[in-house]
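Examining the three-dimensional arrangement
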Amino acid sequence: MSKDKKMALVTGGSRGIGRAVCIELARAGYHVIVNYASNSAAAEETVSSCEEAGGSAEYCGFDVSNSEEVSRAFSELKSAHGSLAVLVNNAGIAKDGLLLRLKDQDWDRTLDVNLKGAFLCSREAAKLMVKARNGSIVNISSVVAEMGNPGQAPYCASKAGLIGLTRSMARELASRGITVNAITPGFIKTDMTDALGESLKEEHLKAIPLGRYGEPREVASLVRFLCSGDARYITGQVIGINGGMYM
Ligand code: NAP
């Protein structure tokens, strides 16, 4: 089914924004590799949704922060499919807490998954894309990388780091026809934002000029555009999608 199709890998594709991105890319004609950490049932559901949308997909579990697991996954991808047109570094976690009470392990784990994970996957993806002299990498950062957020120091630092990583990779890879961009979503309806208490959600809503949370499919449309032929002159950019929350 994947024969003759361009390949797209979406990390953290089992749920939320990642799932919407998988469906959108499958609909756009890519064969999508749906990465997940532990929730294989959710990853299977994403694959089914991609197929229902008329596309094709497969799932592949690995921890993006684990160098060995990442290289093994990419080596399998290379043997099975030979190339990679799109990488979306979407896998992310938030281990929140006020600065004075933050534990070392929460800082380390957040930086490992959100930032090192994107580096490890991009390094492997770039090897395949450089050969093809073509490719698109999209990093899912966050509006809080630009604004800061009390109680989210590790998350904000990891997402701000992703912006520096994006710009450096964009400069390094441009001459090989590879674009690298970052998206900074505001509050999007997913498991991650569901975990916030009702009063906090109400509070956040007041700061969004458009007066609502974003939908995962709205972020997915932007990812699809950045990977398309219409966006080949866009690289090293940080593009907000936040209902006007930060401007
Ligand atoms: P989510 O619903 O919590 O889903 C997180 C996804 O990441 C899941 O697919 C999860 O896999 C995967 N994941 C977590 N740790 C992983 C690891 N070590 N290796 C591989 N995959 C891993 O999150 P979301 O709200 O859709 O957010 C997606 C991305 O957008 C994140 O980077 C997040 O920081 C960013 N973002 C979200 C919002 C928002 O409002 N929701 C705003 C700005 C930015 P399992 O299913 O196996 O656990």
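Residues numbered from 1 in each chain as written. Predicted model: local features only at pLDDT ≥ 70, side-chain atom pairs only at ≥ 80, totals over all residues. Heavy atoms only, no water.

**A few points about the overall build of the protein**
Summing up its helical and strand segments, the protein has nine helices and seven strands in all. Out of the 247 residues belonging to the protein, those deemed buried represent 49%. Put simply, 74% of the contacts in the protein that link residues at least 6 apart link residues at least 24 apart. Carbon and sulfur atoms form 50% of the exposed surface of the protein, whose accessible area is close to 11,900 Å². Computing the positive centroid from 28 side-chain charges and the negative centroid from 27, the protein places the two 6 Å apart. (Helix = DSSP H or I, 4+ residues; strand = E, 2+ residues; numbered from the N terminus. Buried < 20%, exposed > 50% of the residue type's maximum accessible area, 1.4 Å probe, protein only. Contact = heavy atoms within 4.5 Å. Areas by Shrake-Rupley, 256 points an atom, 1.4 Å probe, with all protein chains shown as cover. Lys, Arg positive; Asp, Glu negative; His and termini not counted. Charge placed at Lys NZ, Arg CZ, Asp CG, Glu CD.)

**What about the pattern of salt bridges?**
Counted according to the given criterion, the structure contains eleven salt bridges. In this structure, lysine 201 engages aspartate 194 in a salt bridge whose closest nitrogen and oxygen atoms are separated by 3.7 Å. Owing to a relative accessible area of 17%, lysine 201 belongs among the buried residues under this scheme. Overlapping salt bridges, with partners in common, bring together Glu24, Arg27 and Arg224 in one network. (Salt bridge = Lys/Arg side-chain N within 4 Å of Asp/Glu carboxyl O.)

**A look at the layout of surface pockets**
Roughly 1,100 Å³ of internal volume is contained in the largest pocket. Broken down by secondary-structure element, the contributors of at least two residues to the lining of the largest pocket are α1 (16–27), β2 (31–36), α4 (104–132), α5 (143–147), α6 (153–173), α7 (191–194) and α8 (198–206). Taken together, the residues that form the lining of the largest pocket break down as 22 nonpolar, 19 polar and six charged. (1 Å grid on protein atoms, 1.4 Å probe; cavity = no way out; pocket = protein on both sides within 12 Å on 5 of 7 lines; lining within 4 Å. Points joined across faces, edges and corners; volume = space filled by probe spheres on them. Nonpolar A, V, L, I, M, F, W, Y, C, P; charged D, E, K, R; others polar.)

**Observations regarding the sheet that holds strand β7 (residues 238–241)**
Strands sit in the order β3-β2-β1-β4-β5-β6-β7 across an open sheet of seven strands; the sheet is parallel. On the outer flanks of this sheet lie β3 (56–61) and β7, each paired with one strand and no other. In this sheet, neighbouring strand axes are inclined to one another by 20 degrees on average, regardless of whether the strands run parallel or antiparallel. Where β2 and β3 come together, six bridges link them in parallel fashion. Looking at β3, one finds that asparagine 35 is bridged to cysteine 60. (Pairing = 2+ DSSP bridges. Axes fitted to C-alpha atoms, helices over the stretch in contact; angles between N-to-C directions.)

**Regarding the site of the ligand**
Close to the ligand lie 33 residues, the nearest being Ser14, Ser38, Asn90, Tyr155 and Thr190. Backbone polar atom of asparagine 39 to an oxygen atom of the ligand: 2.8 Å apart, as the coordinates give it. The side chain of threonine 190 places a nitrogen or oxygen atom 2.5 Å from an oxygen atom of the ligand. Taking 900 Å² as the accessible area of the ligand by itself, protein coverage stands at 94%. The cavity that encloses the ligand is the largest pocket. Listed by contribution, the elements that provide at least two residues to the shell around the ligand are α1, β2, α4, α6 and α7. (Near = heavy atom within 4 Å. Polar contact = N/O pair within 3.5 Å; in protein donor to acceptor, adjacent residues only side chain to side chain. Sits in = over half its atoms within 2 Å of the grid points.)

**Let's talk about the side chain of serine 158**
Within the element layout of this structure, serine 158 appears in helix α6. Among the residues examined, serine 158 registers a relative accessible area of 0% and is labelled buried. A polar side-chain atom of serine 158 sits 3.1 Å from a polar atom in the side chain of asparagine 114. The residues touching serine 158, leaving out its near neighbours within four places in the chain, are Thr110, Leu111, Asn114 and Leu115.

**Let's talk about unusual backbone geometry**
The backbone phi angle of arginine 133 is positive, close to 50 degrees, even though this residue is not glycine. Among the secondary structure elements, arginine 133 is positioned in the loop between α4 and β5 (135–140).

**Things to note about the side chain of serine 141**
Here serine 141 is to be found in the loop between β5 and α5. Using a relative accessible area of 3% as the deciding quantity, one classes serine 141 as buried. Dropping the residues within four chain positions of it, serine 141 is found in contact with Lys159, Leu162, Ile163, Ile183, Thr184 and Pro185.

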